Amino acid sequence: MTTLYLRELEIAQLAVQRAAQLTKRVFHETAKGTVSKDDASPVTIGDFGAQALIIAALRHNFPADAVVAEEEAAPLRADPALRDRIWELVRSTKLEDVGAEGLLGGGVRDVDAMLEVIDRGGSKGGRVGRVWAIDPIDGTKGFLRGGQYAVCLGLLVDGDVKVGVLGCPNLPVDDAAPLTADIGANQTDDEGRGVLFSAVVGQGATSRPLGPGALKEGKKIAMKAVTDMASASFCESVEAGHSNQSDSAQIAQKLGITKPSVRMDSQAKYGSIARGAGDIYLRLPTSKTYQEKIWDHAAGDLIVREAGGQVTDTTGARLDFGVGRTLANNKGVVAAPAAVHGQVIKAVREVLKL
Ligand SMILES: Nc1ncnc2c1ncn2[C@@H]1O[C@H](COP(=O)(O)O)[C@@H](O)[C@H]1OP(=O)(O)O
Ligand SMILES: [Mg+2]
Ligand SMILES: [Mg+2]
Ligand SMILES: [Mg+2]
């Protein structure tokens, strides 16, 4: 039993570690090569580069698997200068550990192969077979603002998350570090920062330092029991448009939560509650039409559940990763320690009139 998905886990961890080395280089550059996508959201050279490196590693190791990834290469085909900046990053980002780099297959051959590999993330997903879900930079707005972001990779088998890995370069390594109010702003990846969260179904969740050396054994993580709502707080998006804040205030009031929400970008929220630094992740729908993307939740969903939490949508239904690239069957997300999840859902349903 314990060897199940061991190889997938190792490759996923190393692939995320390598991709995060690339994003960290871009994080420290002032010109991040930002382009605006069709939906007006930003994407940077870091997003494209990290996606190329992760898919290259997956294709080397698991060539038959499908990949659902957020970005596509079209903007780079239209802009050779942008393409060349990304190629320079992809070409020169390697794991220090030669053996580990070899396990990943040693990167991407040339600039055309890079474009091709970025576009290998276009699978439709679905209920059948093995599908990797990749968000090369989750929280791009946070990445640009100097806040939190995450490199995210999850393996779905027949629609269920089996392996989840989150690289969070700007979170404290220390699982016990309290979530201060400024966690969402002015972050660094200096000494003491950078954590890699992982989970395999049925085998618990772990955290370990993100790098740059070879990866060490992880430490088991667990959610913090919420014994008194008065001392708990929600963990929510920084972006007002991603979680309805007036609904959240009413839900807090119903539950007796008085502390302000901790705001941070990206799936760093899932990692933070999974290791007991935060309490409850709340993501309340802001529009009737927005469908959450599978790459924004797959890894975090498993990591929280393996750390003793429950993850559902606002109605209390489990997230359904088997219906394509989006969570079309779900609205919003509520992740909380299993013991209080029902209580939170009750308050959410009352306020949202579900
Ligand atoms: N209206 C929306 N509601 C919820 N999430 C959204 C919405 N618009 C974009 N997102 C996604 O939320 C994620 C960031 O989450 P958070 O705010 O918790 O950091 C991004 O992946 C972003 O997608 P995108 O990549 O298109 O920007
Ligand atoms: Mg995202
Ligand atoms: Mg992204
Ligand atoms: Mg994006």
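Residues numbered from 1 in each chain as written. Chains lettered and ligands numbered in written order. Predicted model: local features only at pLDDT ≥ 70, side-chain atom pairs only at ≥ 80, totals over all residues. Heavy atoms only, no water.

A. Structural view of the coordination of the magnesium ion (ligand 3). Those donors, Glu70 (OE), Asp135 (OD) and Ile137 (O), are the protein atoms that reach the magnesium ion (ligand 3), and they lie 2.0 to 2.1 Å from it. All donors of the magnesium ion (ligand 3) come from a single chain, and their spacing in sequence reads E-x64-D-x1-I. A relative accessible area of 22% places glutamate 70 in the partly exposed class. (Donors = N, O, S within 2.8 Å, 3.2 Å for Na, K, Ca; no water. Buried < 20%, exposed > 50% of the residue type's maximum accessible area, 1.4 Å probe, protein only.)

B. How the structure looks around the domain arrangement of the protein. Assigned domains of the protein: these are domain 1 (6-221) and domain 2 (229-352). The distance between the C-alpha centroids of domain 1 and domain 2 comes to 23 Å. If you look at the interface, domain 1 gives 53 residues, while domain 2 gives 36 residues. For the pair domain 1 and domain 2, the two sides together bury roughly 3100 Å², of which 63% comes from carbon and sulfur. Ranking the residues of domain 1 by area buried against domain 2 places Val161, Leu166 and Leu179 at the top, with a combined share of 18%. (Domains from an automatic or database assignment. Contact = heavy atoms within 4.5 Å. Buried area = accessible area lost by both parts, 1.4 Å probe.)

C. Focus on the packing of helix 2 (residues 45-61) against helix 4 (residues 80-92). The interhelical angle for the contact between helix 2 and helix 4, taken along N-to-C directions, is 50°, at an axis separation of 9 Å. Here helix 4 runs oblique to helix 2, going by the angle between their axes. Classified by chirality, the crossing of helix 4 by helix 2 is right-handed. Listed contacts from helix 4 to Ile45, Phe48, Gly49, Ala52 and Leu53 of helix 2 are Leu82, Arg85, Ile86, Leu89 and Val90. (Axes fitted to C-alpha atoms, helices over the stretch in contact; angles between N-to-C directions. Helix = DSSP H or I, 4+ residues; strand = E, 2+ residues; numbered from the N terminus. Parallel < 35°, antiparallel > 145°, perpendicular 65-115°, else oblique. Left-handed = near helix turned anticlockwise from the far one by under 90°.)

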